[in-house]
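Structure assessment
Residue-level listing of the chains:
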Amino acid sequence: MTKKTKKPNQSLKIPKIILVVGQFLSFISTKLLVQFAARLFTSPIKHKIPKRELEMDRLSQQEVLVIPLIEKKINVYHSGSSAKKILLVHGWSGRGTQLVKFAEEFEKLGYQIVSFDAPAHGKSPGNTTLMPEFIASILEIEKQFGPFETAVGHSLGGMSLLNAVKEGLKIKRLTIIGSGDIVEDIIDDFVQKLQLDSKITDLLRIHFEKKSQSNDG
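Residues numbered from 1 in each chain as written. Predicted model: local features only at pLDDT ≥ 70, side-chain atom pairs only at ≥ 80, totals over all residues. Heavy atoms only, no water.

This next bit is on the pairing of strand 4 (residues 85-89). Most of strand 4 is tucked away: 5 of the 5 residues are buried. The two faces of strand 4 match: Lys 85, Leu 87 and Val 89 on one face and Ile 86 and Leu 88 on the other face are all buried. One ladder, built from 4 bridges, connects strand 4 with strand 5 (residues 112-117); its direction is parallel. Residue pairing in the sheet places Lys 85 in a bridge with Gln 112 of strand 5. At this point the chain moves from strand 4, through helix 4 (residues 100-108), to the parallel strand 5, and the crossover so formed is right-handed. With 4 bridges joining them, strand 4 and strand 6 (residues 150-154) adopt parallel strand pairing. Bridge pairing links Ile 86 to Thr 150 in strand 6. (Buried < 20%, exposed > 50% of the residue type's maximum accessible area, 1.4 Å probe, protein only. Helix = DSSP H or I, 4+ residues; strand = E, 2+ residues; numbered from the N terminus. Pairing = 2+ DSSP bridges. Right-handed = clockwise from strand over helix to strand, strands pointing away.)

Set out below in structure tokens:
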């Protein structure tokens with residue numbers, strides 16, 4: 001298993017208006033500020049698909065897959081018919097075609113390629129999501145399209161694959177690119193980008209923990 005990590009970075013420039021709203025809320029209500037930040041943190045940006053990914057989008061077989069555990073739908077891409085299969089998992093605000101260069105090289109090696117738009121990403125419906133929904137999607141895809149010999153994940157996709165392995169995903173090899181290993185680092189980086197007090201990191205963590213416990217219940 002190959003692991004390559006670096007400190008996570010959501011790499012998105014925060015618009016000035018959002019920074020202004022964040023600063024305003026920090027003066028009037030910590031509770032409203034945390035809710036505002038949480039909504040931003042869980043809302044990926046759906047970018048227009050770039051030209052380099054259009055061919056993969058056009059040639060791949062695509063279908064909608066229901067993920068029962070989270071009651072959401074995702075768009076799945078697959079190409080090839082080889083028994084050797086590889087799963088590609090994009091990062092935050094990415095798409096199932098984002099790792100197209102990896103897909104092309106693995107197709108040359110005789111692999112069947114499977115990737116997907118995570119909830120609220122790409123062609124998949126919804127506006128908000130979190131890593132547990134990435135993980136649930138990966139595990140359901142394994143049931144429907146696996147088993148996979150190997151997997152490649154970028155950024156949050158890599159973190160999700162690591163956690164999916166802990167939850168039972170069976171693969172021989174795993175490569176992650178630009179992925180962190182501590183969720184709190186991602187939240188801390190996000191809070192810094194919003195130019196907010198570092199105490200908001202802990203408040204956001206507590207917010208998401210309470211939300212997770214509520215969903216589990």
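And the narrative resumes.
Attention now moves to the confidence of the model for the protein chain. Within the protein chain, residue pLDDT values average 89, and 91% of them lie at 70 or more. Segment residues 1-11 is flagged for pLDDT under 50; beyond a separation of four residues in sequence, or across chains, it makes 30 contacts in the model. (pLDDT = per-residue confidence, 0-100. Contact = heavy atoms within 4.5 Å.)

Attention shifts here to the packing of aromatic side chains. For the structure shown, the criterion picks out 3 aromatic pairs. Ring geometry for Phe 41 against Phe 208: centres 5.5 Å apart, planes inclined by 40°, an arrangement best described as tilted. One end of the pair, Phe 41, is in helix 2 (residues 30-41); the other, Phe 208, is in helix 8 (residues 199-216), and 167 residues separate them in sequence. For the pair Phe 41 and Phe 208, one class covers both residues: buried. An angle of 90° between the planes, with centres 5.3 Å apart, marks the rings of Phe 106 and Tyr 111 as edge-to-face. Both residues of the pair, Phe 106 and Tyr 111, belong to the buried class. Taken together, Phe 41, Phe 190 and Phe 208 form an aromatic cluster joined through their ring pairs. One Lys or Arg, Lys 84, reaches over the ring of Tyr 111 and ends 4.4 Å from the middle of that ring. (Phe/Tyr/Trp six-rings, centres within 6.5 Å; stacked < 30°, edge-to-face > 60°. Lys NZ or Arg CZ within 6 Å of the ring centre and 35° of its normal.)

Position of Ser 160 relative to the elements: it lies in helix 6 (residues 156-166). For Ser 160, a relative accessible area of 0% gives the class buried. Setting aside its immediate chain neighbours within four residues, Ser 160 contacts Met 131, Phe 134, Ile 135 and Ile 138.

With that settled, consider helix 7 (residues 183-193). Those residues of helix 7 that sit buried are Ile 186, Ile 187, Asp 189, Phe 190 and Val 191. Where helix 7 terminates, the next one or two residues include Gln 195, which has phi positive at roughly 60°.

This brings us to the pattern of salt bridges. Scanning the model with the defined rule gives 10 salt bridges in all. Its salt-bridge partner being Asp 202, residue Arg 205 comes within 3.9 Å of it at the nearest N-O pair. Linking Arg 205 with Asp 202, this pair stays in helix 8, spanning 3 residues, or about one helical turn. Given the relative accessible area of 24%, Arg 205 is considered partly exposed. Since its relative accessible area comes to 40%, Asp 202 is described here as partly exposed. (Salt bridge = Lys/Arg side-chain N within 4 Å of Asp/Glu carboxyl O.)

On to the environment of Gln 62. Structurally, Gln 62 can be placed in strand 2 (residues 61-67). Of the residues examined, Gln 62 reaches a relative accessible area of 30% and is grouped as partly exposed. Once the C-alpha coordinates of Gln 62 and Asn 127 are considered, the two residues, 65 residues apart in sequence, prove to be 21 Å apart. Ignoring any residue separated from it by four or fewer positions in sequence, one finds Gln 62 in contact with Asp 57, Asn 75, Val 76, Tyr 77 and Lys 123. Only 2.7 Å separates the side chain of Gln 62 from the backbone oxygen of Asp 57, close enough to count as a polar contact. Polar contacts involving the side chain of Gln 62 include one to the side chain of Lys 123, which spans 3.0 Å. (Polar contact = N/O pair within 3.5 Å; in protein donor to acceptor, adjacent residues only side chain to side chain.)

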